[in-house]
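Single-letter residue listing:
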Amino acid sequence: MQVKHLDKQALVLAALWSISIFLITAWTISEETKSTLTLATTEARAYFNKDQAIRLWATEHGRIYVPKTGDYPPDPNLAHIPERDITTPSGVELTLINPAKIIRELDEGYGHLYGVTGRVTSLSPLARENLPDEWEKRALRRLNNGEPEVFEITRINGEEYLRLMQPLMVNEGCLLCHMGQEFQVGKPGGGIGIMLPLKELREAERKSIISKSLILFVLWLIGITSLIIGARILRRHARIRQQMLEELTQSEKRKSAIVETALDSIITIDKYDCILEFNPAAEKTFGYSREEVLGKRMAELLVPESLREKHYQGLRRHLQTGSQTILGTRIETTAMRADGTEFPVELAITRVDQGEHPLFTAYLRDITESRKMARQLLFQATHDFLTNLLNRHSFEQALQKLLDNSGDGSEHCLMYLDLDRFKLINDSCGHAAGDELLRQLAILLQDNIRDEDILGRLGGDEFGLILSNCSLSSALEIGNALLAAARDFRFYWDDKIFSIGLSIGLVVITDRNQQVTELLHLADAACYRAKEEGRNRISITNQVDGEALQKRRGEIDWINSIESAFDQNRFKLYRQPIVKVDGGPEAPPMAMEILLRMMDPEGNLVTPDKFLPPAERYNLISVIDRWVVRSTFHWLATHPAPQTLPPLTTINLSGASIADPLFLDFVLEQLHIPNLSPNSICLEITETVAITNLSKARRFITELRDAGCLFALDDFGSGMSSYGYLKDLPVDFLKIDGQFVQDMDTDPISLAMVRSINEIGQLMGKKTIAEFVASDKTLDLLRVIGVDYAQGFHIGEPAPLDDLLP
């Protein structure tokens, strides 16, 4: 609309400007015409005055004589005048000349010098030369009628002339020549006519009109161009302004929509603390309607009484000094609802000045739920999700805080508690039962300690207890109470009842400069010793006896080394050949057993007897088994037919892997690797593992044998009831325990054990393998007994698996 209005205004201004220029042009032409006429009239009058002056001069002198010549003979019209002709004393004849003739002679003889000539005429002239023409007759009559001057623009022979005539008034001198013509002194006797050509004046007029018209045209063009440019600029500015207004309108609508739909409370006040704006979120948060609060003081309605004076002071200070303590920042404070309840809010305040009136807008967010969530998150971050006790990190922080705040001479104690027989319950009833047991145990422990004591779950079935300002005797009383409570506790799950026990390691804290990790290692080592001493007891460390601690630290160091070896790919596969006894040491191997070695960071070889025991204690053995199975299967699949590769590959598995149902699924999945033949795989489990986990071992062996794998029972003969269980295990090989084989050439009992195991095995249709064969004598005895296969350093020492590659 504004753009259209500007276009109309521009058109009106252009029309007005054009009309103005047109009128100025018309006026200029008119003025130029008038100027030309005025100039011509002035010039004609000047010529008239010149002739009039000559005539007056002549008449005032009375008589003017000229030498009588052929050109100037005596004038017959002056014959009545005495002394018309005179002779000078020198004899020159002179004759009287009429003033009118003087003028005529001057105009005719010298008129070319000044361009315009005058003509004396009269209705009753003396000479015929002065007879008037028709225009002059009309002019003379008008002069005789009293008009002072007659002029008119006429055309003569196509040329434009200004003709002007003024009267010749009769004076005394005139009567000399015109005596008898009834002229009266003071009356017109005739007139002097001027005929002024206007050609040059009109040409000057035309040029002036053209030049001025051109100037006006240029001015008109400049004006129109300026209007067009100005209109375009204004139109663009109008569009921009219109766009800005539309954007501002949209912005205001969006702002209004944002204010109306904002989840945060938005409240605007003036410098008097009176509420000017109160959005729906504020209505919902504070319990007031907008109409209830507009115009009222915000502090009286929304600020708790304890904070109102502080609010007023801050507002006054800002208005007086301009200090911006909280403007533009987010703070947390307390607000008040309509029912008087107080609640925490996050507050941000901005200032906008409208003229000289500052307005303050507060953006408030109810952070009741966020604080609650923050507390929950903090609790979750610092507490164990299962037992709601402190987690290990928070427990260590609490212990460090105790050390930092301890004074000289203060005595505290630290307990490390480990649940006995937890694995039995977890394995037999499942993880849900184990989790429930831990929850109930946490409650049991809390019920038997002091309020100021700090209990935390350190991991798995291990707990920590900080006893602040507690002597050793008091700590022992608390520990014994915990042991008694654990002994008396019964855990019920489904139709089963379980009893539990605790092993407790106790450390007396006497040095505030000790490290938290050092104290926990000491308490853990003491707990470990309590387990080794028979469980369900308290073991006290004096921080000097470092044997148990050193052993514990050594195991933890091995765990770190194992994890580092995984990260740095420092585990290596080795193999040891298994040959037929009848073929001798030089015979090609029937099978190879996969052995695991670890390289330390310096490249030195580490045998499994160093790192496997800690791995079993800290539940890493199954991870190692998975790596060995995956790596071996991958190696066999990618090197399917080297000529030196034995037809059968055996792999040792731990008891933890046999008991893990997920491990069975893992092996079955790995058997599907392309180019891998399952019937070339023989899995070894020890006799002790098989008997301890008989049902699980039977299922494990059965499913993998159905998939094509073979099985060997390792270390056979080391158990107490080997023969009784043998018939229940569908294995293919018996590996005779090496402790019998290595002594059979010197110990008759060992020889008898080897013979007995071989006979029973073969009777049940199983092949036998003798381990630890160290000499030809032992190999000869095995051949005599009839053992099928032999393995040992005499047959072949362990070597890297990759050595089989060409």
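1. Observations concerning the pattern of salt bridges
This structure, assessed with the given rule, holds 36 salt bridges. One salt bridge in this structure joins lysine 496 and aspartate 495, with 3.8 Å as the shortest N-O distance. The exposure class of lysine 496 is partly exposed, given its relative accessible area of 36%. The exposed category is assigned to aspartate 495, whose relative accessible area is 70%. Of the charged contacts, one joins glutamate 684 and lysine 735 as a salt bridge, the two residues approaching to 3.0 Å between their closest N and O atoms. Placement of the pair is glutamate 684 in strand β24 (residues 681–686) and lysine 735 in strand β26 (residues 733–736), with a sequence separation of 51 residues. The class for glutamate 684 is buried, based on a relative accessible area of 1%. Using a relative accessible area of 1% as the deciding quantity, one classes lysine 735 as buried. Three or more residues joined by partner-sharing salt bridges are found here, namely Asp418, Asp420, Lys531 and Arg535.

2. Topic: the sheet that holds strand β9 (residues 275–278)
The strand order β9-β8-β12-β11-β10 describes an open sheet built from 5 strands, whose pairing is antiparallel. The sheet is open, and its two edges are formed by β9 and β10 (330–336), each paired on a single side. Averaged over all neighbouring strand pairs, the angle between strand axes comes to 35 degrees, with direction disregarded. Pairing analysis gives 10 bridges linking strand β11 (residues 342–354) to strand β12 (residues 357–366), with the strands arranged antiparallel.

3. Looking at the nonpolar core
With 67 residues, the main nonpolar core has Leu653, Leu704, Val754 and Leu782 as its most contacted residues. Broken down by element, this core gets its largest block of residues, 8 residues, from helix α18 (residues 621–638). Not counting residues within four places of it along the chain, the set of residues in contact with leucine 653 comprises Asp625, Val629, Ile658, Phe663, Leu683, Glu684, Ile685 and Phe700.

4. A short note on the packing of aromatic side chains
Counted under the stated rule, the structure contains 12 aromatic pairs. Centroid distance phenylalanine 217 to tryptophan 220: 5.9 Å. Interplanar angle 25 degrees. Geometry classified as stacked. Placement of the pair is phenylalanine 217 and tryptophan 220 together in helix α5 (residues 199–261), with a separation of 3 residues, close to one helical turn. Residue classification places phenylalanine 217 among the partly exposed residues on the basis of a relative accessible area of 42%. Judged by its relative accessible area of 25%, tryptophan 220 is partly exposed. With a centroid separation of 6.3 Å and an interplanar angle of 15 degrees, the aromatic rings of phenylalanine 663 and phenylalanine 700 are classed as stacked. Within this pair, whereas phenylalanine 663 is found in helix α20 (residues 661–670), its partner phenylalanine 700 is found in helix α22 (residues 694–706), the two being separated by 37 residues in sequence. Of the two residues, phenylalanine 663 and phenylalanine 700, both sit in the buried class. The ring of tyrosine 574 carries the charged tip of arginine 597 above its face, separated from the ring centre by 5.7 Å.

5. What to know about the layout of surface pockets
Of the pockets and cavities examined, the second largest pocket occupies roughly 760 Å³. His311, Ile326, Ile331, Leu347 and Ile349 are the residues nearest the centre of the second largest pocket, which is lined by 31 residues in total. Mapped onto the lining of the second largest pocket, the elements with two or more residues apiece are β8 (265–270), α8 (298–302), α9 (305–321), β10, β11 and β12. Top contributing element to the lining of the second largest pocket by residue count: α9, with 7 residues. Here the lining of the second largest pocket is built from residues that sort into 19 nonpolar, 9 polar and 3 charged.

6. Structural notes on the pairing of strand β15 (residues 462–467)
Of all 6 residues in β15, 6 are buried; the element is thus mostly enclosed. A two-sided burial pattern is seen for β15, the buried positions comprising Glu462, Gly464 and Ile466 on one face and Phe463, Leu465 and Leu467 on the other. Strand direction decides the pairing type here: strand β13 (residues 412–420) and β15, joined by 6 bridges, are antiparallel. Each bridged residue has a counterpart across the sheet, and for leucine 414 the counterpart in β15 is isoleucine 466. Judged from the 5 bridges that link them, strand β14 (residues 454–459) and β15 form a sheet pairing that is antiparallel. Counterpart to glycine 456 in the pairing with β15 is glycine 464. Connecting the antiparallel pair β14 and β15 is a turn made up of 2 residues, with glycine 460 showing a positive phi of about 55 degrees.

7. Quick look at the sheet that holds strand β1 (residues 65–67)
Taken in spatial order, the 3 strands line up as β1-β3-β2 in an open sheet, and their pairing is antiparallel. Sheet topology places β1 and β2 (85–87) at the edges, where each strand pairs with a single neighbour. Going from strand to strand, the sheet's axes swing by 35 degrees on average, the running direction of each strand aside. Here β1 runs beside strand β3 (residues 93–96); their pairing, made up of 3 bridges, is antiparallel. Across the sheet, the residue bridging to proline 67 is leucine 94, located in β3.

8. A short note on the state of the cysteines
Applying the stated rule across the entire model yields 0 disulfides. Cysteine 413 forms no disulfide, and the closest cysteine sulfur to it belongs to cysteine 470, at a distance of 4.9 Å. On the basis of relative accessibility, which here comes to 2%, the residue cysteine 470 falls in the buried class.

9. Examining empty space enclosed by the protein
Within this structure, the stated rule accounts for 3 cavities of 30 Å³ or more. Size it by volume and the second largest cavity reaches roughly 40 Å³. Taken together, Val66, Tyr72, Pro73, Asp75, Thr95, Leu96, Ile97 and Lys101 make up the full set of residues lining the second largest cavity. Its residues assigned to classes, the lining of the second largest cavity comprises 5 nonpolar, 1 polar and 2 charged.

10. Thoughts on a nonpolar patch on the surface
On the surface, Trp17, Ile215, Phe217, Val218, Leu219, Leu221 and Ile222 cluster together into a nonpolar patch covering about 610 Å² of accessible area. The element contributing the most residues to the nonpolar patch is α5, with 6 residues. Structurally, the position occupied by leucine 219 is in helix α5.

11. Quick look at the side chain of aspartate 732
Note that aspartate 732 resides in the loop between α23 (722–726) and β26. Beyond its immediate sequence surroundings of up to four residues, aspartate 732 is in contact with Arg705, Leu710, Phe711, Lys766 and Lys767.

Reading guide: rules and limits
Residues numbered from 1 in each chain as written. Predicted model: local features only at pLDDT ≥ 70, side-chain atom pairs only at ≥ 80, totals over all residues. Heavy atoms only, no water. Salt bridge = Lys/Arg side-chain N within 4 Å of Asp/Glu carboxyl O. Buried < 20%, exposed > 50% of the residue type's maximum accessible area, 1.4 Å probe, protein only. Helix = DSSP H or I, 4+ residues; strand = E, 2+ residues; numbered from the N terminus. Pairing = 2+ DSSP bridges. Axes fitted to C-alpha atoms, helices over the stretch in contact; angles between N-to-C directions. Core = buried A, V, L, I, M, F, W, Y, C linked by side-chain atoms within 4.5 Å. Contact = heavy atoms within 4.5 Å. Phe/Tyr/Trp six-rings, centres within 6.5 Å; stacked < 30°, edge-to-face > 60°. Lys NZ or Arg CZ within 6 Å of the ring centre and 35° of its normal. 1 Å grid on protein atoms, 1.4 Å probe; cavity = no way out; pocket = protein on both sides within 12 Å on 5 of 7 lines; lining within 4 Å. Points joined across faces, edges and corners; volume = space filled by probe spheres on them. Nonpolar A, V, L, I, M, F, W, Y, C, P; charged D, E, K, R; others polar. Disulfide = S-S within 2.5 Å. Patch = residues over 30% accessible without salt bridge, like charges linked within 9 Å, V, L, I, M, F, W, Y side chains within 5 Å. Areas by Shrake-Rupley, 256 points an atom, 1.4 Å probe, with all protein chains shown as cover.

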